Amino acid sequence: MSGEEWDVEAVLAEVGFDEEASSLTRRQAEVLALRERGASQAAIADLLGTSRANVSGVESSARRNVERARETVAFAEALSAPVRVPVEPGTDVFDLPGRVYEACDDAGVKVGHSGAELVRLASEAAPDALEDGTVVAPLLVSVAADGEVRVRGRADEE
């Protein structure tokens, strides 16, 4: 890494880090910013005056916080989507596109994805929910008014 890339303040300013608005602590943001620029945990530890083990822990916590933030955004998007298609276990994954297209037709929403793309989106978004072409865990397919499709796992209902 070059000296410019080591300037943590400059990196955070460049990407617009706002500590008050972020779900990351400043230290977590610093570690992620440096890791994304190729710094090793040992190099970051030297730069920040701490141990590699501490940097590892901070990085792990930061990545968990990022995943939680992504899940929160996905939840909020699903709530506001005009089309929500629950998909129960036992559903053939190749029945999914037809169900999504039908729900979108009923809501007057245009989907910009082929059936194969919808199946791919489901398998990428929730790989553990699909097995041998069958849905094995509950899914929710939501489609925004602009046709953007999101697939996420959902909790079992009791």
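Before reading further, recall that the structure is shown in the block above.
Residues numbered from 1 in each chain as written. Predicted model: local features only at pLDDT ≥ 70, side-chain atom pairs only at ≥ 80, totals over all residues. Heavy atoms only, no water.

S.K.: Describe the overall build of the protein, with residues and values.
M.R.: Regarding its fold elements, the protein presents six helices and five strands. Over its C-alpha atoms the protein spans a radius of gyration of 20 Å, topping by over 25% the 15 Å that the globule rule assigns to 158 residues. With the C-alpha coordinates of the protein rotated into their principal frame, the extents come out at 55 × 30 × 30 Å. Counting only residues that meet the buried cut, the protein has 34% of its 158 residues in that class. Partitioning the intrachain contacts of the protein with sequence separation of at least 6 by distance along the chain shows that 55% fall at a separation of at least 24. (Helix = DSSP H or I, 4+ residues; strand = E, 2+ residues; numbered from the N terminus. Rg over C-alpha atoms; globule rule 2.2 N^0.38 Å. Buried < 20%, exposed > 50% of the residue type's maximum accessible area, 1.4 Å probe, protein only. Contact = heavy atoms within 4.5 Å.)

S.K.: Tell me about the pairing of strand β1 (residues 83-87), and name the residues and values.
M.R.: What you see with β1 is a clean split: V83, V85 and V87 sit on the buried side and R84 and P86 on the side with no burial. When β1 meets strand β4 (residues 139-143), the two strands line up antiparallel, connected through five bridges. Paired with P86 across the strands is L140, a residue of β4. (Pairing = 2+ DSSP bridges.)

S.K.: Give me the lowdown on the nonpolar core, citing residues and values where you can.
M.R.: Core analysis: the biggest nonpolar cluster contains 22 residues, and V100, L139, V141, V143 and V149 have the highest contact counts within it. Within the residue set of this core, elements represented by two or more residues are β1, α5 (96-107), α6 (115-125), β4 and β5 (149-153). Per-element accounting of this core gives the leading share, four residues, to α6. Counting 13 residues, the second-largest nonpolar core is a separate cluster that includes L12, V31, L34 and A45. (Core = buried A, V, L, I, M, F, W, Y, C linked by side-chain atoms within 4.5 Å.)

S.K.: Describe the packing of α5 against α6, with residues and values.
M.R.: At a closest axis distance of 9 Å, the pairing of α5 and α6 adopts a crossing angle of 110 degrees. Relative to α6, the element α5 is oriented roughly perpendicular. Residues L96, P97, V100 and Y101 of α5 pack against G115, L118 and V119 of α6. Across the contact of α5 with α6, the residue classes break down as six nonpolar, one polar and no charged. (Axes fitted to C-alpha atoms, helices over the stretch in contact; angles between N-to-C directions. Parallel < 35°, antiparallel > 145°, perpendicular 65-115°, else oblique. Nonpolar A, V, L, I, M, F, W, Y, C, P; charged D, E, K, R; others polar.)

S.K.: An account of the packing of helix α1 (residues 8-15) against helix α2 (residues 26-36) is requested, with residue identities and associated values reported.
M.R.: Packing of α1 against α2 brings their axes to within 10 Å, and their N-to-C directions diverge by 95 degrees. For the element pair α1 / α2, the angle class is roughly perpendicular. Contacts from V8, E9, V11 and L12 of α1 reach α2 at R26, A29, E30, A33 and L34. Its residues assigned to classes, the contact of α1 with α2 comprises six nonpolar, no polar and three charged.

S.K.: I'd like a rundown of unusual backbone geometry, residues and numbers included.
M.R.: Although it is not a glycine, D132 adopts a positive phi angle of roughly 50 degrees. As for its position among the elements, D132 is in the loop between β2 (130-131) and β3 (134-135). A relative accessible area of 77% places D132 in the exposed class.

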